[in-house]
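These are the residues of each chain, in order.
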Amino acid sequence: MLPALRSQQSWGSVQDGASCPHVRSFLSSVDQFVSNLSSARLNMERKFQLQQVELPDAISQLSSPADYRAAANNSELVERLEEALTLWTNQIKQVLTESEQMRKEADDVGPSAELELWKSRTVTFNSLLEEVKGSQVKRTLGVLQVAQSRCLRAWRDLVSSLFPVQFTAVVSTMLTSSLIDLLIYEDRDITAVANEAKDNVKYLYTLNKFFGSVEKSTPVRKTLFMSFCIKPSAAV
């Protein structure tokens, strides 16, 4: 569709045709829309998934405290669960390392490429946090907690470190998007766009001041903070 629009000579009542600033702005908007669709599709394909681990059927049937105590007394089962948790821990560490390396390599890229990077990181870490809330992970952690496994501390520290990374990705996506508005949309009032970007910064600063340090917040406060960042109206 976009090539057909660009080759079009007649634009109805627009006298200047394709050379009209409004037409150029429209084509630029369509181009950006197509780019955003492509980016969204790619990001959906990059959603993080924990490696599938075959665990005994008894794990999926755990429900009562007695079930968890019985599972924790099974040394062979505990060992298999510790292996699974170690596997997931290493997988998440690898994602964090690769993501940080990509961020460092993108330090000198333009705003559009940087926006795509932050969108990708946001999708990755949002989906990662959803994965660690899965039923299989919760049951595994429940048994290991009763068994007082030493693997739990490393897992908890790792999961806690995900929240500031996710927060940075969400905030950077918002701010970079505001910057691109300043650079792309020629027909918009530059002062209005600049004020919008400034308001976004003030909003995030106020949230951070109200909720305190994200790294040291409780899970409930972290969830509230992220809900306000992603969709303020829904959070209210």
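**As for the overall build of the chain**
Helix and strand counts for the chain come out as eleven helices and zero strands. Each helix (α) and strand (β) of the chain, taken in turn from the N terminus, gives the series α-α-α-α-α-α-α-α-α-α-α. Here the chain, with 236 residues, has 36% of them falling under the buried criterion. Summarising the internal contacts of the chain: among those between residues at least 6 apart in sequence, 69% fall at separations of at least 24. Taken as a whole, the chain presents about 14700 Å² of accessible surface, with 53% of it coming from carbon and sulfur.

**Quick word on unusual backbone geometry**
Glycine aside, residues mostly have negative phi, and peptide bonds are mostly found in the trans state. Even without a glycine there, the phi angle at Q148 is positive, about 55°. Checked against the element boundaries, Q148 lands in the loop between helix 7 (135–146) and helix 8 (151–184).

**What to know about helix 6 (residues 111–131)**
Helix length check: helix 6 (21 residues) gives 30 Å between terminal C-alpha atoms against 30 Å at 1.5 Å per residue, within 8%. Burial in helix 6 covers these residues: L115, L117, W118, S120, R121, T122, V123, T124, F125, S127, L128 and L129.

**Observations regarding a nonpolar patch on the surface**
On the surface, F33, V34 and L37 cluster together into a nonpolar patch covering about 280 Å² of accessible area. Assignment of secondary structure puts V34 in helix 2 (residues 21–45). Judged by its relative accessible area of 37%, V34 is partly exposed.

**Points about the packing of helix 5 (residues 75–105) against helix 6**
Two numbers describe how helix 5 lies on helix 6: the axes approach to 11 Å, and their chain directions differ by 170°. What the angle tells us is that helix 5 and helix 6 run roughly antiparallel. Of the residues in helix 6, those touching helix 5 at I92, V95, L96, S99, E100, M102 and R103 are L117, W118, R121, T124, F125 and L128. In terms of residue class, the contact of helix 5 with helix 6 is made up of eight nonpolar, two polar and three charged.

**Section: the confidence of the model for the chain**
On average, residues of the chain score 75 in pLDDT, and 62% of them reach the 70 mark or higher. Predicted confidence is poor over residues 231–236, with pLDDT under 50, and the contacts of this stretch with residues over four places away or in other chains come to five contacts.

**Remarks on the packing of helix 4 (residues 65–72) against helix 7**
Here helix 4 crosses helix 7 at 70°, and the two axes come no closer than 8 Å. Classed by the angle they form, the pair helix 4 and helix 7 counts as roughly perpendicular. Like other packed secondary-structure pairs, helix 4 and helix 7 cross with a definite hand, here right-handed. Residue-level inspection shows Y68, R69, A71 and A72 of helix 4 in contact with helix 7, the latter providing R139, G142, V143 and V146.

**Comments concerning the side chain of T173**
Locating T173 in the fold gives a position in helix 8. At 3.4 Å, the side chain of T173 and the backbone oxygen of W118 are in polar contact. When neighbours within four sequence positions are excluded, T173 is seen to be in contact with L115, W118, K119 and T122.

Reading the values: rules and limits
Residues numbered from 1 in each chain as written. Predicted model: local features only at pLDDT ≥ 70, side-chain atom pairs only at ≥ 80, totals over all residues. Heavy atoms only, no water. Helix = DSSP H or I, 4+ residues; strand = E, 2+ residues; numbered from the N terminus. Buried < 20%, exposed > 50% of the residue type's maximum accessible area, 1.4 Å probe, protein only. Contact = heavy atoms within 4.5 Å. Areas by Shrake-Rupley, 256 points an atom, 1.4 Å probe, with all protein chains shown as cover. Expected span 1.5 Å × (residues − 1). Patch = residues over 30% accessible without salt bridge, like charges linked within 9 Å, V, L, I, M, F, W, Y side chains within 5 Å. Salt bridge = Lys/Arg side-chain N within 4 Å of Asp/Glu carboxyl O. Axes fitted to C-alpha atoms, helices over the stretch in contact; angles between N-to-C directions. Parallel < 35°, antiparallel > 145°, perpendicular 65-115°, else oblique. Nonpolar A, V, L, I, M, F, W, Y, C, P; charged D, E, K, R; others polar. pLDDT = per-residue confidence, 0-100. Left-handed = near helix turned anticlockwise from the far one by under 90°. Polar contact = N/O pair within 3.5 Å; in protein donor to acceptor, adjacent residues only side chain to side chain.

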